[in-house]
Amino acid sequence: ETGVTQTPRHLVMGMTNKKSLKCEQHLGHNAMYWYKQSAKKPLELMFVYSLEERVENNSVPSRFSPECPNSSHLFLHLHTLQPEDSALYLCASSQRVYNEQFFGPGTRLTVL
Amino acid sequence: QKEVEQNSGPLSVPEGAIASLNCTYSDRVSQSFFWYRQYSGKSPELIMSIYSNGDKEDGRFTAQLNKASQYVSLLIRDSQPSDSATYLCAVKAGGNTPLVFGKGTRLSVIA
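One structure accompanies this document, and this report is about it. Predicted model only: the values in this text are computed from it and were never measured.

## So, the environment of B:Ser43
Working step 1: Turning to its location among the elements, B:Ser43 is positioned in the loop between β4 (30-38) and β5 (45-50).
Working step 2: For B:Ser43, a relative accessible area of 16% translates into the label buried.
Working step 3: Among residues more than four places away in sequence, those in contact with B:Ser43 are A:Leu90, A:Phe103, A:Gly104, A:Pro105, B:Arg37 and B:Gln38.
Working step 4: In terms of polar contacts, B:Ser43 uses its side chain to reach the backbone carbonyl oxygen of A:Gly104, at 2.8 Å.

The structure is reproduced here in structure tokens:
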């Protein structure tokens, strides 16, 4: 595997489900990010981790819960989501925090 | 509120022409500027970074930065249908500050 990988690529879940998104970077980077991309809106930064420590949490609802067990892996745990949470969720990584970022393929999430 | 503005398009250019994509930003202390290309249904791909005033060329792509006027542009020479995508501009102030993205400009290269 090369670059940044994300699983699953597509996810459909009900409002009462609990699911997790997984991201893995194979670039030896020290920072990882979760972004949300909705139609007609700029990319929204959700969470930032630098060397496994969370450095940014942009007023994201608590139904989104990040986890960074090491510098190569990042998770986004989802529970009791709302239909407006349907979007493309992108993981990214960079050598140092807030430097050039490289994106994974994304998870297309649909909340019914 | 730091803002990055891009014309949403679509910008239509004929094959072989020069496509010019523009981006303006509000934060005067911005220091790093990035262009990402995003094909429909795919994730953003970094294509250019520029940090100082002037032009930076990479193949058919040229990024132009004018900090005094607070704009950055991307020129694509000899445009190809495969260049059809949405181009995102991202801007960063100095230090540990996040990237701020524009909404993107959709480019359509007509064969």
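## Concerning the pattern of salt bridges
Working step 1: For the structure on display, the rule yields 5 salt bridges over all chains.
Working step 2: Across the pair A:Lys41 and A:Glu44 runs a salt bridge, and its minimum N-O distance is 3.8 Å.
Working step 3: Owing to a relative accessible area of 46%, A:Lys41 belongs among the partly exposed residues under this scheme.
Working step 4: Here A:Glu44 falls in the partly exposed class, since its relative accessible area comes to 30%.
Working step 5: With its nearest N and O atoms 3.0 Å apart, the salt bridge here joins B:Glu45 to B:Arg37.

## With respect to the interface of chain B and chain A
Working step 1: The interface of chain B with chain A comprises 18 residues on the first partner and 18 residues on the second.
Working step 2: Summed over both sides, the interface between chain B and chain A buries roughly 1400 Å², with carbon and sulfur atoms accounting for 62% of that surface.
Working step 3: Where chain B packs against chain A, one counts 5 residue pairs in polar contact (both at pLDDT 80 or more).
Working step 4: For the side of chain B that touches chain A, the secondary-structure elements that each account for two or more residues are β4, β5 and β9 (85-93) of chain B.
Working step 5: Counting residues per element, the side of chain B that touches chain A draws most heavily on β4(B), which supplies 3 residues.

## Some remarks on the sheet that holds strand β1 (residues 4-7) of chain A
All names here are of chain A.
Working step 1: Pairing within the open sheet is antiparallel, and its 4 strands lie in the order β1-β3-β8-β7. Lying at the two open borders of the sheet, with one neighbouring strand each, are β1 and β7 (64-70). Each strand of the sheet is rotated relative to its neighbour by a mean of 20°, with strand direction disregarded.
Working step 2: In this sheet, strand β8 (residues 73-79) lies alongside β7 in antiparallel orientation, the contact comprising 5 bridges. Across the sheet, Ser 65 pairs through a bridge with His 77, a residue of β8.

## Things to note about the packing of aromatic side chains
Any pair of aromatic rings gets described here by the distance separating the centres and the angle formed by the planes.
Working step 1: Summed over all chains, the structure comprises 10 aromatic pairs over all chains.
Working step 2: Between A:Tyr33 and A:Tyr98, the ring centres sit 6.2 Å apart and the planes meet at 45°, which makes this aromatic pair tilted. Linking A:Tyr33 in strand β4 (residues 31-37) with A:Tyr98 in the loop between β9 (87-94) and β10 (102-103), this pair joins segments that are 65 residues apart in sequence. Here the two residues A:Tyr33 and A:Tyr98 agree in accessibility, since each one is buried.
Working step 3: Grouping aromatic residues by their ring pairs yields a cluster made of A:Tyr33, A:Tyr35, A:Tyr98, A:Phe103, B:Tyr36 and B:Phe101.
Working step 4: Above the plane of the ring of B:Phe61 lies B:Arg60, whose end atom (NZ or CZ) is 5.7 Å from the centre.

## Overview of the sheet that holds strand β3 (residues 19-25) of chain B
All names here are of chain B.
Working step 1: Taking strand neighbours across the sheet as the criterion, the 5 strands line up as β1-β3-β8-β7-β6 in an open arrangement whose pairing is antiparallel. Looking at the sheet topology across the chains shown, the edges are occupied by β1 (4-5) and β6 (54-58).
Working step 2: The pairing of β6 with strand β7 (residues 61-66) spans 5 bridges and is antiparallel. When the sheet's bridge partners are listed, Asp 55 is paired in β7 with Gln 64.

## Re the pairing of β3(B)
Residue and element names in this part refer to chain B.
Working step 1: Taking every second residue as pointing to the same face, the buried face of β3 carries Ala 19, Leu 21, Cys 23 and Tyr 25, while none of Ser 20, Asn 22 and Thr 24 on the other face is buried.
Working step 2: With 2 bridges joining them, β1 and β3 adopt antiparallel strand pairing. Counted as the bridge partner of Glu 5 is Thr 24 from β3.
Working step 3: By the bridge criterion, 6 bridges tie β3 to strand β8 (residues 71-76) in an arrangement that is antiparallel. The partner of Thr 24 across the bridge, within β8, is Tyr 71.

How each quantity is defined
Residues numbered from 1 in each chain as written. Chains lettered and ligands numbered in written order. Predicted model: local features only at pLDDT ≥ 70, side-chain atom pairs only at ≥ 80, totals over all residues. Heavy atoms only, no water. Helix = DSSP H or I, 4+ residues; strand = E, 2+ residues; numbered from the N terminus. Buried < 20%, exposed > 50% of the residue type's maximum accessible area, 1.4 Å probe, protein only. Contact = heavy atoms within 4.5 Å. Polar contact = N/O pair within 3.5 Å; in protein donor to acceptor, adjacent residues only side chain to side chain. Salt bridge = Lys/Arg side-chain N within 4 Å of Asp/Glu carboxyl O. Buried area = accessible area lost by both parts, 1.4 Å probe. Pairing = 2+ DSSP bridges. Axes fitted to C-alpha atoms, helices over the stretch in contact; angles between N-to-C directions. Phe/Tyr/Trp six-rings, centres within 6.5 Å; stacked < 30°, edge-to-face > 60°. Lys NZ or Arg CZ within 6 Å of the ring centre and 35° of its normal.

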